[in-house]
Amino acid sequence: MVYPRYSRLDNVQESHPLEDLTPTLDKDSKDIKRALQRRTRLQKIILLAGLILSLLLNVFLAVASSRNSRVSEGPYSPASSALRRVDVVFSSGFGIQQSLFQGPPSETNNKLWESLYNFGISRVKAHEARQLPNKTLPVPDNEGGYIVQLSVFHLLHCLNLVRRGLYGEVDMTNKHDLLGIEHLDHCVDHIRQSIMCSADTAVLTFARQTPNGRAKAVAEVLHGCRDFEAIQRWALQRQIPAEVDFDVHVKDDPLGWGSYVYSP
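Residues numbered from 1 in each chain as written. Predicted model: local features only at pLDDT ≥ 70, side-chain atom pairs only at ≥ 80, totals over all residues. Heavy atoms only, no water.

Let us now look at the confidence of the model for the chain. Across the chain, pLDDT averages 86, with 80% of residues at or above 70. A low-confidence stretch, residues 67–71 stays under pLDDT 50, and its non-local contacts, those more than four residues away or across chains, total zero contacts. (pLDDT = per-residue confidence, 0-100. Contact = heavy atoms within 4.5 Å.)

Before going further, it helps to spend a moment on the packing of aromatic side chains. Across all of its chains, the model carries four aromatic pairs by this definition. Between Phe 119 and Phe 153, the ring centres sit 4.8 Å apart and the planes meet at 85°, which makes this aromatic pair edge-to-face. Note that Phe 119 is positioned in the loop between helix 2 (107–115) and strand 2 (122–124) and Phe 153 in helix 4 (residues 151–169), a separation of 34 residues in sequence. With respect to burial, Phe 119 and Phe 153 carry one shared label: buried. Ring pairing ties together the aromatic residues Phe 119, Phe 153 and Phe 228, which thus form one cluster. (Phe/Tyr/Trp six-rings, centres within 6.5 Å; stacked < 30°, edge-to-face > 60°. Helix = DSSP H or I, 4+ residues; strand = E, 2+ residues; numbered from the N terminus. Buried < 20%, exposed > 50% of the residue type's maximum accessible area, 1.4 Å probe, protein only.)

Turning our eyes to something else, we now look at helix 5 (residues 181–198). The terminal C-alpha atoms of helix 5, which comprises 18 residues, lie 26 Å apart, in line with the 26 Å expected from a rise of 1.5 Å per residue. Of the positions making up helix 5, those classed as buried are His 183, Leu 184, Cys 187 and Ile 191. Down the axis of helix 5, the smallest arc covering the buried residues is 95°, so these residues share one side. Turned more than 90 degrees away from the buried face of helix 5, the exposed residues are Glu 182, Asp 185, Met 196 and Cys 197. As for helix 5, its buried residues are in contact with helix 4. Ala 199, located one to two residues past helix 5, shows a positive phi value of around 45°. (Expected span 1.5 Å × (residues − 1). Arc of directions from axis to C-beta.)

This paragraph deals with the state of the cysteines. Across all of its chains, the model carries one disulfide by this definition. Shown here is the disulfide that connects Cys 158 with Cys 187, its sulfur atoms set 2.2 Å apart. Negative torsions about the S-S bond denote left-handed disulfides, and the value of about -65° found for Cys 158 with Cys 187 makes this one left-handed. Taken as a pair, Cys 158 in helix 4 and Cys 187 in helix 5 lie far apart in primary sequence, 29 residues in all. Each member of the pair, Cys 158 together with Cys 187, is buried. (Disulfide = S-S within 2.5 Å.)

Of note in this structure, Asn 174 is not a glycine but carries a positive phi near 65°. Tracing the chain through its elements places Asn 174 in the loop between helix 4 and helix 5. The exposure class of Asn 174 is partly exposed, given its relative accessible area of 31%. Notably, Ala 199 is not glycine yet its phi reads approximately 45°, a positive angle. Locating Ala 199 in the fold gives a position in the loop between helix 5 and strand 4 (205–207). Relative accessible area serves as the criterion here: at 42%, Ala 199 is assigned to the partly exposed category.

This is the structure in structure tokens:
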């Protein structure tokens, strides 16, 4: 058998396999590093975008909640800035819990009732009046502004008249402007509408006065109220002097409401 003959190739340089792979490994390592850096940047961008979207969503929900709160408070009122929430436990009005506002009309309790609302009607500025859902007449004096009265004070005035009528002061002939039966009937229905409008959802509980007694409603429970004294202060600061002549017609008021006429 003839075997092939081999001869040494003196001009061929020896090489190590790993050395041949080094440039390739370096290139792959750099590519992997760049890929990791790109992925890290992408993750940061996604995280930042998520944070921005979350912030925008929270802002949107806060604005929506604010709008819903304003809607729930009802139409615009210039006295909204005076609203403060207070928690009040009502008294039952029975026995030792009778208030000074109760009992037959007297000089003392009549003054107490009138002190709740006897500071008259209020003045609002033109920019406040412009936002009202209904027009109103301008104040006929040099200070200007427009005439308003907060509903709560009209309701208290009405309730006081009903109280007096309950104790026999009602004029069934209907000749008295305030205590005539027709006006008192108006008051009763206006109070009804207000109670239904406000719809106080405070919860009355039930209890027995004795272990074997009958279950009865407990009136002395917590109510979420508006701070009435704060509302009074708002109205007092804007009180229109009693000497203002409301028979005077204003013809050049800023809103052009001087000729406003309303007839139900």
